[in-house]
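Now for the letters of each chain:
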Amino acid sequence: MNETVANLQRVLGEIASAAREADRAPGDVRLVAVSKTHDADSIRPVLQAGHRLFGENRVQEAAEKWPGLRAEFPDVRLHLIGPLQTNKVHQALGLFDVIETVDRPKLAREIAREAEKTGRMPDCFIQVNTGAEPQKAGVLPEEADAFIESCRKEFGLPIKGLMCIPPLDEEPSLHFALLREIARRNDLTELSMGMSGDYPVAIAFGATLVRVGTAIFGAREPYPAG
Ligand SMILES: *Cc1c(COP(=O)(O)O)cnc(C)c1O
């Protein structure tokens, strides 16, 4: 078996056992296979193995890889999990089914406007900067309720859930618990949290989507500077 496919099967097995341990149905947790930096030939075996849900963090990179793969596998679902600039919204709506990183009014407004023009509205998640890290994207936890409300009422976006990336050097469970609490009080059912290093913990805290790259595709080459 292809090594990436073996990794995929192992991760799916670990997701199922983490769900069972948390008294959750295995189907409650879906795997977003994060294929950033890996080329189409590395991704194809995972598609051939039947997996359909993928995440990319850069619009330009997705534009180079995914139209071709979608032609081969039309039922692919692609999530944008990286920051989105307003001038790339038009392109992003043509590529992604779900935008997980809505985090500011200007971006929400632009998504609403482009969706109106193109008739193509993506499902949206609000990214919450649970660690209030200055360099990290996401709305601050204390501003999340108001922002969710304005995304719904003012911009009419279909907000499905919340997403977070905990600080590297902190216990992730505190951040997962905070995200779950913000979702609960805003009647949001989807929680995108957990990466290669911590997805079983995220599942114990209610993740419905885990975003796993390295554990499936192996280590990434760093992006070139700039
Ligand atoms: C790269 C990335 C992931 C996957 O990280 P791994 O540690 O490789 O599993 C998940 N979420 C986001 C937002 C990412 O950018």
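I will try to describe carefully the structure that is included in this document.

**Observations concerning the site of the ligand**
Every residue lining the ligand is accounted for by Val34, Lys36, Ile81, Met163, Ile165, Met195, Ser196, Arg211, Val212, Gly213, Thr214 and Arg220. Note that an oxygen atom of the ligand is positioned 2.7 Å from one of the side-chain N or O atoms of Lys36. One of the side-chain nitrogen or oxygen atoms of Arg211 is found 2.9 Å away from a nitrogen atom of the ligand. Protein contact buries 89% of the 390 Å² of open area that the ligand shows by itself. Mapping the ligand onto the cavity grids shows that it belongs to the largest pocket.

**A closer look at the pattern of salt bridges**
Taken as a whole and assessed by the stated rule, the structure comprises 17 salt bridges. Each of the salt bridges in this network shares a partner with another, and the network as a whole consists of Asp41, Arg44 and Glu72.

**With respect to the layout of surface pockets**
As a volume, the largest pocket reaches approximately 680 Å³. Lining the largest pocket are 27 residues; nearest its centre among them are Lys36, Lys136, Ile165, Met195 and Arg211. Classifying every residue of the lining of the largest pocket gives twelve nonpolar, nine polar and six charged. By volume, the second largest pocket amounts to about 210 Å³.

Cut-offs and rules
Residues numbered from 1 in each chain as written. Predicted model: local features only at pLDDT ≥ 70, side-chain atom pairs only at ≥ 80, totals over all residues. Heavy atoms only, no water. Near = heavy atom within 4 Å. Polar contact = N/O pair within 3.5 Å; in protein donor to acceptor, adjacent residues only side chain to side chain. Areas by Shrake-Rupley, 256 points an atom, 1.4 Å probe, with all protein chains shown as cover. 1 Å grid on protein atoms, 1.4 Å probe; cavity = no way out; pocket = protein on both sides within 12 Å on 5 of 7 lines; lining within 4 Å. Sits in = over half its atoms within 2 Å of the grid points. Salt bridge = Lys/Arg side-chain N within 4 Å of Asp/Glu carboxyl O. Points joined across faces, edges and corners; volume = space filled by probe spheres on them. Nonpolar A, V, L, I, M, F, W, Y, C, P; charged D, E, K, R; others polar.

Geometry only, nothing functional implied.
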